[in-house]
Each structure stands twice: as structure tokens, then as C-alpha cells.
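Chain and residue survey
Here are the chains, one letter per residue:
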Amino acid sequence: MSRILIIAEHDGQSLNISTAKCVSCAQAIGGDIDIAVIGSGADAVAAEAAALDSVTKVIVVDAEHLEAPVAANWAAEAVALAADYSHVIGPSTTMGRDLMPRIAALAGVNQISDIMEVNGPDSFKRPIYAGNAIVDVSAPAGSTVVATVRAASWKAAGSSGGAAVEQRAASSSAATHTRYIGLESGGSERPDLQSASKVVSGGRGVGSEDGFQVIYQLADKLGAAVGASRAAVDAGYCANDMQVGQTGKIISPDLYMAFGISGAIQHVTGIKDAGTIVAVNKDSEAPIFEIADIGLAGDLFSVIADLDELLG
Amino acid sequence: MKILVGIKRVVDYNVRIRVLSDGSGVDTDGVKMSVNPFDEIALEEALRIKEAGNADEVIVVSAGGDECQQQLRTGLAMGADRAIQIQSSEALQPLSVARAFLKIIEREDPGLVIFGKQAIDDDNSQTGQMLAALWDRPQATFASKMVVNGSSATVTREVDAGLETVEVDLPAVVTVDLRLNEPRFVKLPDIMKAKRKPLDVVALDELGVTVEGNIEVGNHAPPPQREKGVMVEDAAQLITELKNRGLL
Ligand SMILES: Cc1cc2nc3c(=O)[nH]c(=O)nc-3n(C[C@H](O)[C@H](O)[C@H](O)COP(=O)(O)OP(=O)(O)OC[C@H]3O[C@@H](n4cnc5c(N)ncnc54)[C@H](O)[C@@H]3O)c2cc1C
């Protein structure tokens, strides 16, 4: 039977939702599921992790030098735990993509990135070429499976469990070659782009940072998070962490509304799992309409003004 | 200081990928091949570091069959000083590539190794991190800004929550994101000059690397298609459609 270790993603205060999605993936693999919370003073995180359905045990590795998710430090701890497990998995967020390959290399195995479906305990489906092909991959028999889980493909596991929480001493000391300086975040009051059920996005068609104000207003009216295309980010209309797509965030909201976005494959790959895609573009030939569930050919500013009025 | 830059030959990002009907792979016949766009950014950054007087030599390295010499030549034309091909007839997975790079590092002793944050074919995003682990050196992934200051580098990383800054001692591995820089265009005279720059070929087994523990890659399938949508005329109809779907 599989023994699965999930490396929790958190900010010291709360558990990132991608961890609950990893639990769903682990349930599909089948077996015993433990979660490792590596950090410093992350008791609240451990409690959240312990509440996730079908988790047997939460292992807390607590040390001052583990506070920031420096891959060199976290990987050393994860590898020390890994010997007891057949699978070590983490989310394919920037944190997981930074950390998991370091774990895999230390464990001497290749890594499977972005599990979207489980075929069997060692066999999975994953996207390649920006999601333009889906490939079956299998880990070699008898070796530890180290993998990242494509969060957008999985629903978050429920929180009615009650796993045991076990403290474990850190097995390594701080890597002196890496110094964490800090994190500068957009600090938005809006819903988080990666977990929001509704997302309103703007592209180059929005035209300016000022123009983006109407995107924010519509989002606030709908209780939605705000996303953007790379072109909008590169043009400085909005912050980097709002980028959706192959090299931004891969999201799966119930509703995605794209305004002034043409629909390049690199953007579309980030929204393929959305429930309903709405596209508003003044060019009726724009490729975004090929994947939109509801399309409206027209000027985004007048459409948003009308929506604003009709929604009251 | 020497800088090594990893370069991968991939299907050009403008090509529409077609999965072969027998599921054995994607169609690469007669398809335009290019340097992975992230690797171009990695090389551009290395060249800028050298131009600012913080490095003496930029070496582009690619693992693959002889066809990847074309991409190495592009790297030389952009301004790299020399190139190394790690020759392998089979497609290598990230762990093998990292192991081979480690051997090149032992020979070249670079202060920095820069990779793209992912290759746009396999979308793995692993090689740089794996190399850093095997080399027991720091990694700074997804860089959108980097400043080399003597024996260390300050790197701004594009992470989900915003912009994270780390300082790493050199030697280090950096993987780069799109917003780090805009790669220069190659000019014709540079292409001519590149032909005379050294390109060394070293076989994977000469480096003492054996390929093992590969992930087995099986059937390829096209992604599921979304159902055809509807077009609406105005905001009022849009609201009706959204209400019908329980989204408003
Ligand atoms: C390696 C690589 C990775 C990439 N990763 C990403 C990624 O992660 N995410 C991403 O988004 N892109 C990514 N890109 C870029 C991508 O290829 C496109 O360039 C980008 O998505 C285009 O953004 P856009 O649709 O906003 O701009 P454009 O393609 O310029 O489209 C703007 C659209 O706005 C419409 N428009 C203009 N004015 C109005 C108006 N008043 N009302 C209504 N419509 C209007 C136009 O008709 C047009 O369709 C990547 C590219 C590369 C090479």
C-alpha cells in the first residue's frame, strides 16, 4: 500500500488551499496520507492540516531557520522524512515548483510535474506543451514517487478529519549560502486569484492602468478576484502576481470573465479548467471566442458600463 | 567569473502543437525549432552581467543530439563566448541533464549557472533546482531581477504571493522568468562571427553519466475540447446567460 507524504504550503499563519488539493490527489492515489508542516511557530497551520479529511498524521518540523520557505532548508527536512514514504508530493505552485525538484534530486529520482489525473499508484496524466497535449507518465517500479500536483485539476479535500499531530526535531541546520530578505505582496483586499470562485481579467485591450479601474470595480461588484494577461502586466497596467497563464497562475474558477484579451495559447492554458468562460472583445474573430462559453463582441468599456448599470 | 547558461532546443512557441494520431508524441516534422524562450532570457542576463564587468566568459551548454548545435550557434550569435554540446541521442530527463551539468561544472568552475525557469515543451521546471541540489549550492528560481555584487547575488523572485527577494552566495543556480529582460536580436554579422566561435562536443558517457530511473512516457492525447459556446449581443443578454447558469 502507498504511504504518501504531502509537503504543506503555508505562510506561517494559515494553510494554503493547494495543500487540501494535494490531499484529494493523494486520496486518488490511495493509501496512508501524512502531511509535513515545515516551518517555525506554525501551530495554527498544523491544526488546519490535521483537520483535512483522510489524513493520518501531521508531522511538524519546527525550527527558526525554517520560517521562510527557502528550498535548500525545506528540502533537507523533507528528504529526512521521505525514507518512510512511497510518495512525496507538493503543489505545483511557485513554492512547490521551487522545492520539489530539489527533494527529488536529493532522493536520486526524476520528478513528475503537474499531476492532473491519477491512473494508478505510480501512473499519472500531466499536461505538456502548455496543455496542448496530455501525456501518461509512470514512475519506475520500486522508486519513490516525487511529484507536484496541478492544483487547478483538483477540488480541495474537506475539513472534517482529526489527524494526530507529531513534533519532529529539525534534522539539519540553516544553509548559510541563502539569505531570505523578504516578500513584497500586492496586499489586495480582494479574493485570492488562485482560490476565488469568480475572476475578472483584463488584457492589453484595457489600454492603461487607469483603464484597469473599471475591471476592479466590476470585480468588486461580483466579489471576484482580478487577473490579467501577460501583455497587461508587461505594459504596467497591473501587478505581476495577477498574471494568468502558462507562466502565470493556472486557475479553475467557476466563472472567468476576460476583457480585452485575445486568447493566446499561453493565456488560455491558464483557464482551461474554468467552469464558465466569458469573453468580451471588440474583434469578433479573436481566438478567445473559440474557447469562450459566452462571447460578446464589443467595446469592453461600454459593456462594463452597461453591466454596472444593470447589476445596480 | 564564468557563467554557464543552459539552452534547450524546443518547438517554437508560435507553433500550434498537434498530437500524433497514434498517441506516440507530438508532430515535430518540419516544425520550426527555437531556443526555449526562457533560456534566451537567461543568456541575455548572462551577457549583461559580463558587459557590466561582472563576468569574463559566458558559455552556453545544451544537452541533446547534434541538431541542438543550431541553438548553440544562436547562443553564440547572441554573444556567448563558446558552446558545449553534451551529446546524447536520446531525449534526457531533468535529473540526467542536471547530473551532466554537474560534470561540466567540475571542469569549468563557474560562478553562476543560469537556466530558463521551464522549457515550453515538457513544462517540467526542474533542471535548475535539481542541479542546485546535486551541487549543494543555493538556488534562486523564477528571477525577475538580479544584481551581482561580488561574491553574492540579490535576486527578486516572482512567486504566487508577490515578489520575494533572496541573497545567495556564489556559485549559485538562477532560473529566470519572463520579465527579467528582453533578449537582444541577433544581427547577421554576429551569425557569421558565431561560426568561428568554439563549440565543443562531449558525449554523455564520456562525462561518466548513465541515464537511469527515467519516468516512462506513454500515450499522448489532445486535451479535452470545451463545448461550443454561445454569442450574446449585449450586457443584458450576458447577465441572463450568467443567471441561467446560476453564476449571478
Ligand atoms: C514563453 C511565453 C509565455 C507566455 N506566458 C503567458 C502567460 O502566462 N499569460 C499570458 O496571458 N500570456 C503569456 N504569454 C504571452 C501571450 O503569447 C500573448 O502575447 C498575451 O497573452 C497577449 O495578451 P492580450 O491578450 O492581453 O493582448 P493582445 O493579444 O494584444 O490582445 C488584446 C485584445 O484586446 C482586444 N481589445 C482592444 N481594445 C479593446 C476594447 N476597447 N474592447 C474590447 N476588446 C479590445 C483586441 O481585439 C485584442 O484581441 C506568453 C508568451 C510566451 C512567449
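Located above this text is the structure these notes cover.
Keep in mind the model is a prediction, meaning the values are calculated, not measured.

**Side note on the interface of chain A and chain B**
Between chain A and chain B, the contact holds 82 residues from the first and 77 residues from the second. Taking both partners together, chain A and chain B bury about 6700 Å²; carbon and sulfur atoms supply 54% of that area. When residues of chain A are sorted by the area they lose upon contact with chain B, A:R102, A:N110 and A:Y129 head the list and together hold 12% of the total. Our count for the contact surface shared by chain A and chain B stands at five salt bridges. Note that B:E167 is salt-bridged to A:R179, the shortest N-O span being 2.7 Å. Across the chain A-chain B interface, the total number found is 41 residue pairs in polar contact (both at pLDDT 80 or more). The leading source of residues in the side of chain A that touches chain B is helix α4 (residues 94-107) of chain A, at eight residues.

**Here's the deal with the pairing of strand β2 (residues 32-39) of chain A**
Within a regular strand, the side chains alternate between the two sheet faces. All names here are of chain A. For β2, the buried fraction is high: seven of the eight residues fall into the buried class. Pairing between strand β1 (residues 3-7) and β2: five bridges, direction parallel. Note that in β2 the partner of I6 across the bridge is I35. As for the winding sense of the linkage, the β-α-β connection from β1 through helix α1 (residues 17-29) to β2 is right-handed. Pairing analysis gives six bridges linking β2 to strand β3 (residues 57-62), with the strands arranged parallel. Of the residues in β3, the one forming a bridge with V37 is V60. Considered for its hand, the β-α-β crossover made up of β2, helix α2 (residues 43-50) and β3 is right-handed.

**Some details on a negative patch on the surface**
On the surface, a cluster of negative charge is contributed by A:D306, A:E309, B:E233 and B:D234. Tracing the backbone shows A:E309 in helix α9 (residues 300-311). When its relative accessible area of 68% is taken as the criterion, A:E309 is described as exposed.

**Examining helix α2 (residues 69-78) of chain B**
All buried positions along α2(B) are accounted for by B:Q71, B:L72, B:G75, B:L76, B:A77 and B:M78. B:G79 sits one or two positions beyond α2(B) and adopts a positive phi of about 140°.

**Quick look at the pattern of salt bridges**
In the structure shown here, the tally under the stated rule is 31 salt bridges over all chains. Across the salt bridge formed by A:R179 and B:D169, the nearest N and O atoms sit 2.6 Å from each other. Of this pair, A:R179 sits in strand β11 (residues 178-184) while B:D169 sits in strand β9 (residues 162-169), which puts the two residues in different chains. Residue class for B:D169 comes out partly exposed when judged on its relative accessible area of 23%.

Calculation notes
Residues numbered from 1 in each chain as written. Chains lettered and ligands numbered in written order. Predicted model: local features only at pLDDT ≥ 70, side-chain atom pairs only at ≥ 80, totals over all residues. Heavy atoms only, no water. Contact = heavy atoms within 4.5 Å. Buried area = accessible area lost by both parts, 1.4 Å probe. Salt bridge = Lys/Arg side-chain N within 4 Å of Asp/Glu carboxyl O. Polar contact = N/O pair within 3.5 Å; in protein donor to acceptor, adjacent residues only side chain to side chain. Helix = DSSP H or I, 4+ residues; strand = E, 2+ residues; numbered from the N terminus. Buried < 20%, exposed > 50% of the residue type's maximum accessible area, 1.4 Å probe, protein only. Pairing = 2+ DSSP bridges. Right-handed = clockwise from strand over helix to strand, strands pointing away. Patch = residues over 30% accessible without salt bridge, like charges linked within 9 Å, V, L, I, M, F, W, Y side chains within 5 Å. Areas by Shrake-Rupley, 256 points an atom, 1.4 Å probe, with all protein chains shown as cover. Lys, Arg positive; Asp, Glu negative; His and termini not counted. Charge placed at Lys NZ, Arg CZ, Asp CG, Glu CD.

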